[in-house]
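Fold and geometry: a report
Here is what each chain is made of, one letter per residue.
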Amino acid sequence: MCQVTKDKKRMNRVYPKTTNMIAVINDPRVMGIIKECGGKMYMNEKKWVLALSELNDCFKNYQEGGNLKAKNVLVYVILTSILANSEVDYMASREAQVYSDDRDIVAITKLKNAYRNNDIKMIQSVLNDKKNAIFSDPEFIMYLDDLLRNIRLSVLLFKVKPYDVVKLDFLARELNISTREVRQLLSELILDSKLDGSIDATAGLLEISKPTSLDARYAAMSQWSKSIATLHNQIS
């Protein structure tokens, strides 16, 4: 009911209480509905890891209970696996393999593979293919901005890796976005300590800091020290 009425506050209060019911509910048809509600709730809150866990459980329950929504939920399992940066191949399971030839599943799987390979051209090709109806679904579109942001951050990190200095307009052309958007994404990576560098907005450059030999030596000594401490604890 909370999901239908879009009452998010009530959903947040009610859903945690359902965990007390799970031990006594053996019907996968009921469990599937509960898990779908939880997965969609966590997606709305952008809690991708929790959403992925709930939706994957939902898919398994729907598949076991013969619910026709199982395939649609599998699409969102793969979508949230991208948003959660999960390395798990959710198409490898026996339950998922049933849908391996379905058009929507093929499309979202291609997108996941392109994301994993940082292939921005393939990503754009898949998203722009009018035959892939799933990407025009209103519910999917709700998460398209988050999906594109995740993809661009990943591709951007991959693109800058070989360089000490790189032009922002080059990166903009590579990702097919504006220079302003590139600056925003780079700033996010730097602030999150995923990229060690600085942006020269006047010159339109990204300058990347490379670790010095002293930094590498310190990191090696730190790792060696941790290994010794671990070995000492195991012996003690």
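Keep in mind that this is a model prediction, so the values were computed, not measured. (Residues numbered from 1 in each chain as written. Predicted model: local features only at pLDDT ≥ 70, side-chain atom pairs only at ≥ 80, totals over all residues. Heavy atoms only, no water.)

1. Comments concerning the overall build of the protein
Condition: Under the scheme used here, helices are H or I runs from DSSP no shorter than 4 residues and strands are E runs no shorter than 2 residues, and both carry numbers assigned from the N terminus. Think of it in three bands: residues with accessible area under 20% of the maximum for their type are buried, residues over 50% are exposed, and the middle band is partly exposed, with areas taken using a 1.4 Å probe on protein chains only. Throughout, a residue-residue contact means that at least one pair of heavy atoms, one from each residue, lies within 4.5 Å. Per-residue and other accessible areas follow the Shrake-Rupley method at a 1.4 Å probe size, with only the shown protein chains counted as cover for residues.
Within the protein one finds 13 helices and three strands. By the burial criterion, 38% of the 236 residues in the protein qualify as buried. Pairs at least 24 apart in sequence give 57% of the contacts found in the protein among residues at least 6 apart. With an accessible surface of roughly 14400 Å², the protein has 53% of that area assigned to carbon and sulfur atoms.

2. Quick notes on the packing of aromatic side chains
Short version of the rule: Ring pairs are drawn from Phe, Tyr and Trp, using the six-membered ring of Trp, whenever the two centres fall within 6.5 Å, and their geometry is named by plane angle: stacked under 30 degrees, edge-to-face over 60, tilted for the rest.
Applying the stated criterion across every chain yields a total of five aromatic pairs. On the numbers, 6.1 Å between centres and 85° between planes, the contact of Trp 48 with Tyr 143 is edge-to-face. On the criterion of sequence distance, the pair formed by Trp 48 in helix α4 (residues 48–65) and Tyr 143 in the loop between α9 (138–141) and α10 (144–160) is long-range, its members being 95 residues apart. In this pair, the class of Trp 48 matches that of Tyr 143, namely buried.

3. Side note on the sheet that holds strand β3 (residues 205–208)
What counts is decided by this rule: Here, a strand pair is defined by DSSP locating no fewer than two bridges between the strands. Axes, fitted as lines to C-alpha atoms, cover a helix only where it is in contact. Angles between the N-to-C directions of the axes lie from 0 to 180 degrees.
Taken in spatial order, the three strands of this open sheet run β1-β3-β2, and their pairing is antiparallel. Each edge of the sheet is formed by a strand with only one pairing partner; in this case those strands are β1 (165–167) and β2 (197–200). Ignoring which end each strand starts from, the neighbouring axes of this sheet average 20° apart. Two elements, β2 and β3, share four bridges in a ladder whose sense is antiparallel. For Ser 198, the partnering residue across the bridge sits in β3 and is Glu 207.

4. A few points about the pattern of salt bridges
One side chain can pair with another of opposite charge once the charged atoms of both are near each other. To keep it simple, the criterion reads: A side-chain nitrogen of Lys or Arg and a carboxyl oxygen of Asp or Glu constitute a salt bridge if their distance falls within 4 Å.
This model, assessed by the stated rule, comprises 12 salt bridges. For Glu 54, the salt bridge is made with Lys 35, and the minimal N-O distance between the two is 3.4 Å. Of this pair, Glu 54 sits in helix α4 while Lys 35 is found in helix α3 (residues 28–44), placing the two residues 19 residues apart along the sequence. Lys 35 shares its class with Glu 54; the two are buried. The shortest N-O distance in the salt bridge between Arg 149 and Glu 188 comes to 2.2 Å. Linking Arg 149 in helix α10 with Glu 188 in helix α12 (residues 179–191), this pair joins segments that are 39 residues apart in sequence. The exposure class assigned to Glu 188 is partly exposed, which follows from its relative accessible area of 23%. Through salt bridges that share partners, Glu 36, Lys 40, Lys 69 and Glu 139 make up one connected network.

5. With respect to α3
Our working definition: In a helix, the anticipated span is given by 1.5 Å times the number of residues less one. Here a polar contact means two N or O atoms within 3.5 Å. Within protein one must be a hydrogen donor candidate and the other an acceptor candidate, and residues neighboring in sequence count only if both atoms are side-chain atoms.
The end-to-end C-alpha distance of α3 is 24 Å, a good match for the 24 Å that 17 residues give at a rise of 1.5 Å each. The buried fraction of α3 amounts to 12 of the 17 residues, a majority that puts the element mostly inside the structure. For α3, the N-terminal cap is Asp 27; the gap from its side-chain oxygen to the backbone nitrogen of Arg 29 is 2.9 Å. Where α3 terminates, the next one or two residues include Lys 46, which has phi positive at roughly 60°.

6. Considering the nonpolar core
What counts here: Working definition of a nonpolar core: buried Ala, Val, Leu, Ile, Met, Phe, Trp, Tyr and Cys residues. They are joined through side-chain atoms within 4.5 Å.
If you look at the biggest cluster of nonpolar residues, it comprises 59 residues, and the most contacted ones within it are Leu 74, Leu 111 and Phe 135. No other element matches the 10 residues that helix α5 (residues 70–83) contributes to this core. Not counting residues up to four positions away in its chain, the partners in contact with Leu 74 are Phe 59, Met 91, Ala 96, Tyr 99 and Ile 105.

7. Points about the confidence of the model for the protein
As a reminder of what qualifies: Per-residue confidence from the predictor is given as pLDDT, running between 0 and 100.
Mean pLDDT for the protein: 85, with 78% of residues reaching 70 or above. Mean pLDDT values over the elements of the protein span from 46, in helix α1 (residues 2–5), up to 96, in α5.

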